[in-house]
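Structure at a glance
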Amino acid sequence: MFREQTVSRLSRLRRVSYTRLVREQEPPFANLAYGAAGLAYALLRAALTLEDDRALRQAARLLDDALAASRRRSAFLPARVPPEHCPRTSIFFGLPGMHFVRALVAHAAGDRRGASRSVAAFIAGARRGLDGPLELYGGLAGVLSAATVLSEVEPALPELAALGRTVRDRLLAAAGPGEPWDGLPANMIAHGRAGVAAALLQWAAREGSAVPGRLLDALQGLRRRTLAILARSSIPEPRGAYVRGSFCSGAAGYALVFVMAHRHTGDERFRTAAVRFGTVARSSSVLGPSACCESAGACYALAALARADPAGRWRRRAEQLAARSLAAPHWRRWRYNLMRGGEGGLLCLAADFAQDAPPRFPPFGFF
């Protein structure tokens, strides 16, 4: 079913160029969150699933055209949104995210020189944002996650390893001796503490290193706080700690972080928390195609739980929810976007679930 969906959705997107994308959706047109880089990432996922070189070439053209237009405001910013709301040095909203995807596409196409150039451009762009926010979507945690993914493309590149260690150290230092990352809005994964913890866990797993004590303390605190909120109610706290079904600010994001924590530490308390939040994500996520805010994102968390709780039939539950999410109407405002219910996100969801391997949450690779 998912393979057929991938073939069908890819066939409808074959002729989408950067010019057509600009004509058919609102800005931003180029970045990973809403624009051409996000669609290129989805084409990459479909190309890997179907072994389709044509999709890879289309992704490369989209990215090259988007990079050529990257000096325009509309490449990165929606109308009437101030620049500080979409940091141009972030993976999600800025130029480093475009180079990140371009490196992955070049690597998949066997273009070693192109991959190396794009990784170098990613490193240069990311270094310009080292004094930026800590969060996953708009800041350093997103840079660390992307560096982890790219280290699979360029495992021996010392500059990439140096960037990852620099960002890791800054994030750990910001945890502080008291409340970790207390400048972030509560516990959510998109803009809060859970996203920083996830990126640090991902990097530690890639390095094969133990979880630093400061990170382990932060994870246990996150587990206690989120379970306490869940026990009280599903009403958001004043600082934005939601326990609803979404990835960005709710149960799906927490479930994914605690699956990662259990895998890396073996602590059963994390597995228990992951199952609790996975159950909430399955029952309370809003049905829709957005990986960020709706059930399409919860699918990835449920699939990740299949490894932590094999008896729970989580993969089957994830596939059932993915099928329903694919049938939901997609968002028209950013027609081709990856994360907010666009055609790129739906193609990525279908392609990820068409494989036997655990689906990795786009574009960060969490699973």
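Each value, and the rule that gives it
- Counting of residues starts from 1 at the beginning of each chain's written sequence and follows it residue by residue.
- In keeping with the model being predicted, local features are shown solely for residues with a pLDDT of at least 70 and side-chain atom pairs are shown and tallied solely at 80 or more, while totals for entire chains, interfaces and linings include all residues.
- Note: side-chain values were computed over all heavy atoms of the structure, leaving out hydrogens and water.
- Salt bridge criterion: a side-chain nitrogen from Lys or Arg within 4 Å of a carboxyl oxygen from Asp or Glu.
- For the purposes of this entry, the term helix denotes a DSSP run of H or I that reaches at least four residues, the term strand denotes a run of E that reaches at least two, and both are numbered from the N terminus.
- Burial here depends on accessible area, computed with a 1.4 Å probe over protein chains only, as a share of the maximum for the residue type. Under 20% is buried, over 50% is exposed, and the range in between is partly exposed.
- Here an angle of 0 to 180 degrees is reported between the N-to-C directions of two axes, which are lines fitted to C-alpha atoms, with helices fitted over the stretch in contact.
- Oblique is the label for any angle not under 35 degrees, not over 145, and not in the 65 to 115 range, which are roughly parallel, roughly antiparallel and roughly perpendicular in turn.
- Note on convention: near helix rotated counterclockwise from far helix by under a right angle means a left-handed crossing. Clockwise means right-handed.
- Contacts between residues were defined by any pair of non-hydrogen atoms, one from each residue, lying within 4.5 Å.
- Under the scheme applied, nonpolar residues are Ala, Val, Leu, Ile, Met, Phe, Trp, Tyr, Cys and Pro; charged residues are Asp, Glu, Lys and Arg; polar residues are all the others, including Gly.
- The criterion is simple. A nonpolar core is a set of buried Ala, Val, Leu, Ile, Met, Phe, Trp, Tyr and Cys residues joined through side-chain atoms within 4.5 Å.
- Distance and chemistry together define a polar contact, namely a pair of N or O atoms within 3.5 Å, with one atom able to donate a hydrogen and the other to accept it when in protein, and with adjacent residues in sequence counting only for side-chain atoms on both sides.
- Of the two site types, the cavity is a set of points on a 1 Å grid over the protein atoms alone where a 1.4 Å probe fits but cannot get out, and the pocket is an open set with protein on both sides within 12 Å along at least five of seven lines, each lined by residues with an atom within 4 Å of a point.
- Grid points are joined across faces, edges and corners, and a volume is the space filled by probe spheres set on the points.
- Helices are assigned an expected span. That span is 1.5 Å times one less than the residue count.

1. Details of the pattern of salt bridges
Taken as a whole, this structure holds 15 salt bridges when the rule is applied. One salt bridge in this structure joins Arg20 and Glu24, with 3.3 Å as the shortest N-O distance. Taken together, the positions of Arg20 and Glu24, both in helix H2 (residues 18–24) and four residues apart, correspond to about one turn of that helix. Using a relative accessible area of 27% as the deciding quantity, one classes Glu24 as partly exposed. Across the pair Arg335 and Glu343 runs a salt bridge whose closest N-O atoms are separated by 2.9 Å. Glu343 matches Arg335 in its accessibility class, with the two residues each being buried. Linked through salt bridges whose partners overlap, the residues forming this network are Arg20, Glu24, Arg335 and Glu343.

2. Regarding the packing of helix H14 (residues 314–327) against helix H15 (residues 343–353)
At a minimum axis separation of 11 Å, H14 and H15 run at an interaxial angle of 150°. Comparing their axes, H15 and H14 come out roughly antiparallel. Where H14 crosses over H15, the handedness of that crossing is left-handed. Across from Arg315, Ala318, Glu319, Ala322, Ser325 and Leu326 in H14, the residues of H15 making contact are Leu346, Leu349, Ala350 and Phe353. Within the contact of H14 with H15, the residues separate by chemical class into seven nonpolar, one polar and two charged.

3. With respect to the nonpolar core
Ranked by size, the top nonpolar core spans 133 residues in total, and within it Phe100, Phe122, Tyr137, Trp181, Leu215, Phe361 and Phe366 carry the most contacts. With eleven residues, helix H3 (residues 36–50) is the largest single contributor of residues to this core. Those residues in contact with Phe361 that sit more than four places away from it in its chain are Phe247, Leu256, Ala291, Gly297, Tyr300, Met339 and Phe366.

4. Things to note about the side chain of Asp352
Checked against the element boundaries, Asp352 lands in helix H15. In this structure Asp352 comes out as buried when scored by relative accessible area, which is 2%. Here the side chain of Asp352 touches Arg45 through a polar contact of 3.0 Å, side chain to side chain. For Asp352, the contacting residues outside a window of four places in its chain are Arg45, Tyr300, Ala357, Pro359 and Arg360.

5. As for the layout of surface pockets
Its boundaries defined by the atoms lining it, the largest pocket holds a volume of some 360 Å³. Taken together, 19 residues line the largest pocket, and the ones lying closest to its centre are Arg45, Leu48, Leu104, Val149 and Glu152. At the level of secondary structure, the elements contributing two or more residues to the lining of the largest pocket comprise H3 and helix H5 (95–108). Of the residues in the lining of the largest pocket, the class split is twelve nonpolar, three polar and four charged.

6. Regarding helix H10 (residues 213–232)
Each α-helix winds once per 3.6 residues, and so residues spaced three or four apart point in a common direction. Across its 20 residues, H10 extends 29 Å between first and last C-alpha, which sits within 8% of the 28 Å expected from 1.5 Å per residue. What H10 keeps buried is the set Leu215, Ala218, Leu219, Gln220, Gly221, Leu222, Arg223, Thr226, Leu227, Ile229 and Leu230. Turning to H10, the residues buried within the fold contact helix H8 (158–175), helix H9 (193–207), helix H11 (251–265) and helix H12 (268–284).

7. Overview of unusual backbone geometry
A cis amide bond links Pro27 with the next residue in sequence, Pro28, at an omega value of 10°. Position of Pro28 relative to the elements: it lies in the loop between H2 and H3. Note the cis peptide between Pro362 and Pro363, where omega equals -10°. On the secondary structure map, Pro363 appears in the segment after H15. Backbone geometry at Glu51 places phi at a positive 55°, although glycine is not the residue there. Its identity is not glycine, yet Arg313 carries a phi of approximately 55°, on the positive side. Within the secondary structure layout, Arg313 lies in the loop between helix H13 (295–308) and H14. With relative accessibility at 53%, the residue Arg313 sits in the exposed group.

8. Side note on the side chain of Ser295
Mapped onto the secondary structure, Ser295 falls in helix H13. With residues near it in sequence (within four places) discarded, Ser295 still touches Ser285, Val286, Leu287, Gly288, Ser290, Leu321 and Ser325.

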